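Structural characterization, general
Each chain, written out:
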Amino acid sequence: MSTAGTRGRFLDVRDLKVHFPSEDGVVSAVDGVTFSVDKGKTLAIVGESGSGKSVTSQAIMGLVNRKSAKVTGEVYLDGEELISARPEQVRSLRGKQMAMIFQDPLSSLHPFYTIGKQLVEAVRVHQDVSKDVALKQAKEMLDRVGIPSPERRLKDYPHNLSGGMRQRVMIAMALLNSPELLIADEPTTALDVTVQAQIIDLLRDLQQEFGTAIVLITHDLGVVADLADDVVVMYGGRVVERGPIDDIFYRPEMPYTWGLLGSVPRMDLGRNERLEPIPGQPPSLIRLPQGCVFRPRCPYHELVPGKRCDVERPELDPITPEHAVRCHLEPAQRKEIAIERLTAHAARKPAGTAGMEEK
Amino acid sequence: MGAYIVRRLIAMVLMLVALSMIVFLIFNALPADPARLTCGKACTPQVIEANRTRLGLDKPIYEQYGTFVKGIFAGRTYGEGTSVSFECSVPCLGYSFRKGEEVSTLLWNRFPVTAQMALGAFVLWIVVGVSVGIIAALRRGRWQDRTIMGFALIGYSFPSFFIGLLLVFFIQIKWGLIGFEGYVPFYQDPAAWFSGFILPWTALALLYAAFYARLTRNQMLETMGEDYIRTARAKGLRERTVIGRHGLRAGLTPIVTAAGLDLAGLLGGAIVTEQIFALPGVGRLAIEAVVDADLPIITGTVLVAATFIIVANLVVDILYAVIDPRVRLA
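What this report covers is the structure whose coordinates are included nearby.

Rules and cut-offs
- Residues numbered from 1 in each chain as written.
- Chains lettered and ligands numbered in written order.
- Predicted model: local features only at pLDDT ≥ 70, side-chain atom pairs only at ≥ 80, totals over all residues.
- Pairing = 2+ DSSP bridges.
- Helix = DSSP H or I, 4+ residues; strand = E, 2+ residues; numbered from the N terminus.
- Contact = placed C-beta atoms within 7 Å.
- Axes fitted to C-alpha atoms, helices over the stretch in contact; angles between N-to-C directions.
- Core = buried A, V, L, I, M, F, W, Y, C linked by C-beta atoms within 7 Å.
- Buried ≥ 20, exposed ≤ 12 C-beta atoms within 10 Å, placed from the backbone.

1. Description of the sheet that holds strand β2 (residues 25-37) of chain A
Residues and elements named next belong to chain A. With respect to topology, 4 strands assemble into an open sheet ordered β2-β1-β4-β5, the strand pairing being antiparallel. Lying at the two open borders of the sheet, with one neighbouring strand each, are β2 and β5 (80-81). Where strand β4 (residues 70-77) lies against β5, 2 bridges are found, and the strand directions are antiparallel. Bridge pairing in β5 links Y76 to E81.

Shown next as structure tokens:
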């Protein structure tokens, strides 16, 4: 399945590796990541900080400095391979065929140039048009992403705008040349909740209108639930589980995914309710454990006989054609624990009544 | 912005007043007796005392300060009401009895030399320092970077008198490439003018260029790691544009501050360099005055040098607001 169905996919990432040589050893930031996205679909990459999700997206865009990192594998964008392509070729695709929006729109916009200038620049790199035409396009796009009185905003500097407006400007900038792939790296993390919802709605509308393929990088499972068609869960630079959104949310099979789902706060439980964090720290990407990367933090590794989790790296095994997981637990065991954990999370009682039995 | 500048100007005046008081106080607290300076070696105590009364040096210090300040704005008459009185015209910073000249005239005569030295060195060190700093940043960790930073470290650690003396020894004495004519005004002989200045320019510029190379490199490295640089690349801009339009603009802004203050500092005189290359500038005047304990000159040069720094501070702050739209001058 892994190769058979991927042909013709709009974005097809195969065995992507990004290794940074350092004085302490090679940092395997991304280690053999494979996934694909169709046009008009959204793929979410979730994981903790340091799981390699941002580096993955930057490697796709060709934004990883090839002097300090070794990038291998294949990235096909509409059939064109990017990792081995000439940098100039990838540059000409950036901002045109594939665009990116970043986490913190304040630091991601140049503080010394007006919004108008930065948008016009983005238009004119890829289109041979006059300043006035570019300015008109910029204005229209600002209007399209829901910025009131765009004419005036063009003359503003980034610091004059609110966080939500700035992120809209970033989105407008990314969409100016109608890219077919949009990579959104934590697009809502720096925003407050109501603005988050607006930005997500905006992304969804724009996707429907333009048929863009979206790669959404986030650690916010709420955003994932709202936008994604498929989910890739990353841990320690690898994909540990991937599948359609319903499989990930309702039939997760990897202990790390269970942990992620369990650590989502529930609004109906009071504020005294303790979250369930995943114990331990994300792994150092320099000397990864010999066996399963998640083994040191996995509460179930003892269920696997013969210390297999300590010595053998699990493969990404398909459960169904779309759903794959990297775990040594038996499928029956995984299903059983998953049901147990999900029902436990769902059945937790509001704080005060259940507080005691936790201890 | 207008209101800001007015407020800053008022603050500047207050600062200058405070500064002049401190300078005046310090130099009057020195053991050197200003009255003793008024006449030569064969001077009787009677003459000294007579001069003290005539010049008002027996008056309380605040009264003397008042006379001094009035002199700057309205001029003053030395030895008023006596047979040997003379005028000191506006701006009167005092009178040097040793040199028999008004301090302001002395400064005015010396300043062009210092200004030419400072400006020439400034242009040289900014061009060299900033450009090699940019190269080092863009070639970080490679041989270009290591070479430049190596030289910068050497330039940075050698005191200016050492570099100056090396230049004198090799270029003037050993190889005889440049003569010892010293300062020749430009209008008299441009070639001689240039050969008189090239060594002090080099000596000063080497030191500052080393500092600016390091500063520029660090600023550029920091800027090129900013998120907006990544955005510029993500737009598909050519690397040239990313560096030129997005990197330099932000990376070089702090250099403006440093450059303004350093230039102002030099305009107040470069004591060591002027001494080594026998340039008759403000720094040389100051060191001569110190050796002679010529208090009026010392007070005058310190005041003028400090004024340069204070004015430069204001200019730099205003310039910064023009460059960086985030800086609100309110």
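From this point, the discussion proceeds with the structure in view.
2. A look at the interface of chain B and chain A
Contact with chain B, which involves 17 residues of that partner, is made by 23 residues of chain A. When contributions to the side of chain B that touches chain A are tallied by element, the ones reaching two or more residues are α8 (227-234) and α9 (239-251) of chain B. It is α8(B) that provides the largest number of residues to the side of chain B that touches chain A, a total of 6 residues.

3. Brief notes about the sheet that holds strand β8 (residues 213-218) of chain A
Residue and element names in this part refer to chain A. Taken together, 8 strands build an open sheet; the order of strands is β6-β7-β8-β3-β9-β10-β12-β11 and the sheet is mixed. A strand with exactly one partner marks an edge of an open sheet, and here the two such strands are β6 (98-101) and β11 (317-318). Note: strand β9 (residues 230-235) against strand β10 (residues 238-244), 6 bridges, orientation antiparallel. Paired with V231 across the two strands is G243, which belongs to β10. Contacting β3 (42-46), β6, β7 (181-185), β8 and β9, helix α1 (residues 53-61) runs over the sheet at an angle of about 150 degrees to β7. Helix α7 (residues 163-175) rests against β6 and β7 of the sheet, and its axis sits at about 170 degrees to β6.

4. Observations concerning the nonpolar core
Within the largest apolar cluster, 97 residues are counted, with the highest numbers of intra-cluster contacts made by A172(A) and V233(A). No other element matches α7(A), which puts 8 residues into this core. Setting aside residues no more than four positions away along its own chain, A172(A) makes contact with L119(A), M141(A), L142(A) and V145(A). Core analysis: the second largest hydrophobic core is formed by 38 residues, A121(B), A136(B), W201(B) and Y212(B) among them.

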